[in-house]
Amino acid sequence: MGAIAKTPQPPYYAVIFTSEMSEGENRGYGKMGDKMVELASNQPGFLGVESVRGTDGVGITVSYWESLEAIKAWKENSLHRVAQDKGKSEWYARFGLRVSKVERDDFMNI
């Protein structure tokens with residue numbers, strides 16, 4: 001990933017997912033992450049995503065959505081639920097989720 005998402009003028013919503021990887025092998029994690037981005041990109045109301053993971057295993061993924069209803073629909077997507085369950089059982093030691101309304105954004109090219 002690495003690119004800054006191109007979002008519309010606010011307001012819109014940000015879902016901030018912060019995670020800490022569990023110890024050991026995390027088989028299939030990268031492939032599932034790629035699949036989730038592809039799947040989310042086809043969801044109504046999806047605006048973009050930004051994601052980073054440090055060498056310490058802590059990662060932050062921010063996805064952007066048009067509405068709370070779009071976020072709810074994504075949360076309930078059956079394939080996304082499979083990934084959620086796998087994250088809880090295999091990939092994450094800890095994780096948290098925040099949902100915020102973006103009221104303002106400012107970007108500058110340097």
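Treat the numbers as computed from the prediction; the structure is a model and nothing was measured.

### Side note on the overall build of the protein
Line of reasoning, step 1. Secondary structure assignment for the protein yields three helices and four strands.
Line of reasoning, step 2. Helices and strands appear in the protein in the N-to-C order β-α-β-β-α-α-β.
Line of reasoning, step 3. For the protein, whose C-alpha radius of gyration is 14 Å, the value lies close to the compact-globule estimate of 13 Å for 110 residues.
Line of reasoning, step 4. Seen along its three principal axes, the alpha-carbon backbone of the protein occupies a region of about 40 × 35 × 20 Å.
Line of reasoning, step 5. Residues classed as buried in the protein amount to 31% of the 110 residues present.
Line of reasoning, step 6. In the protein, once contacts between residues fewer than 6 apart in sequence are set aside, the share between residues at least 24 apart is 77%.

### Quick look at helix 2 (residues 68–75)
Because each turn of an α-helix spans 3.6 residues, side chains separated by three or four positions in sequence point in the same direction.
Line of reasoning, step 1. Along helix 2, the residues that are buried comprise Ala70, Ile71 and Trp74. All buried residues of helix 2 fall inside an arc of 100° around its axis, so they share one side. Turned more than 90 degrees from where helix 2 packs its buried face, Glu69 and Lys72 sit exposed.
Line of reasoning, step 2. For helix 2, the elements touching its buried residues are strand 1 (12–21), helix 1 (29–41), strand 3 (58–65), helix 3 (78–91) and strand 4 (92–102).

### Let's talk about the sheet that holds strand 4
Adjacent strands of a sheet form backbone hydrogen bonds with each other and so pair up, either parallel or antiparallel.
Line of reasoning, step 1. In spatial order, the strands read 2-3-1-4; together these four strands make up an open sheet with antiparallel pairing. Unpaired on one side and paired on the other, strand 2 (46–53) and strand 4 mark the two borders of the sheet. This sheet shows a mean twist of 15° between the axes of neighbouring strands, independent of strand direction.
Line of reasoning, step 2. In this structure, strand 1 lies alongside strand 4, joined through 10 bridges in antiparallel fashion. Paired with Ile16 across the strands is Arg98, a residue of strand 4.
Line of reasoning, step 3. The strands that helix 1 touches are strand 1, strand 2, strand 3 and strand 4; relative to strand 2, the one it contacts most, it runs at about 160°.
Line of reasoning, step 4. Sheet strands touched by helix 3: strand 1 and strand 4. Its angle to strand 4, the strand with the most contacts, is close to 140°.

### Examining the pairing of strand 3
Line of reasoning, step 1. Across eight bridges, the pairing between strand 1 and strand 3 is antiparallel. Bridge assignment links Ile16 to a residue of strand 3, and that residue is Val62.
Line of reasoning, step 2. Pairing of strand 2 with strand 3 involves seven bridges; the strand directions are antiparallel. What sits directly across from Arg53, in strand 3, is Gly59.
Line of reasoning, step 3. Counted along the chain from strand 2 to the antiparallel partner strand 3, the turn is four residues long, and its residue Gly57 has a positive phi close to 90°.

What counts, and at which threshold
- Residues numbered from 1 in each chain as written.
- Predicted model: local features only at pLDDT ≥ 70, side-chain atom pairs only at ≥ 80, totals over all residues.
- Heavy atoms only, no water.
- Helix = DSSP H or I, 4+ residues; strand = E, 2+ residues; numbered from the N terminus.
- Rg over C-alpha atoms; globule rule 2.2 N^0.38 Å.
- Buried < 20%, exposed > 50% of the residue type's maximum accessible area, 1.4 Å probe, protein only.
- Contact = heavy atoms within 4.5 Å.
- Arc of directions from axis to C-beta.
- Pairing = 2+ DSSP bridges.
- Axes fitted to C-alpha atoms, helices over the stretch in contact; angles between N-to-C directions.

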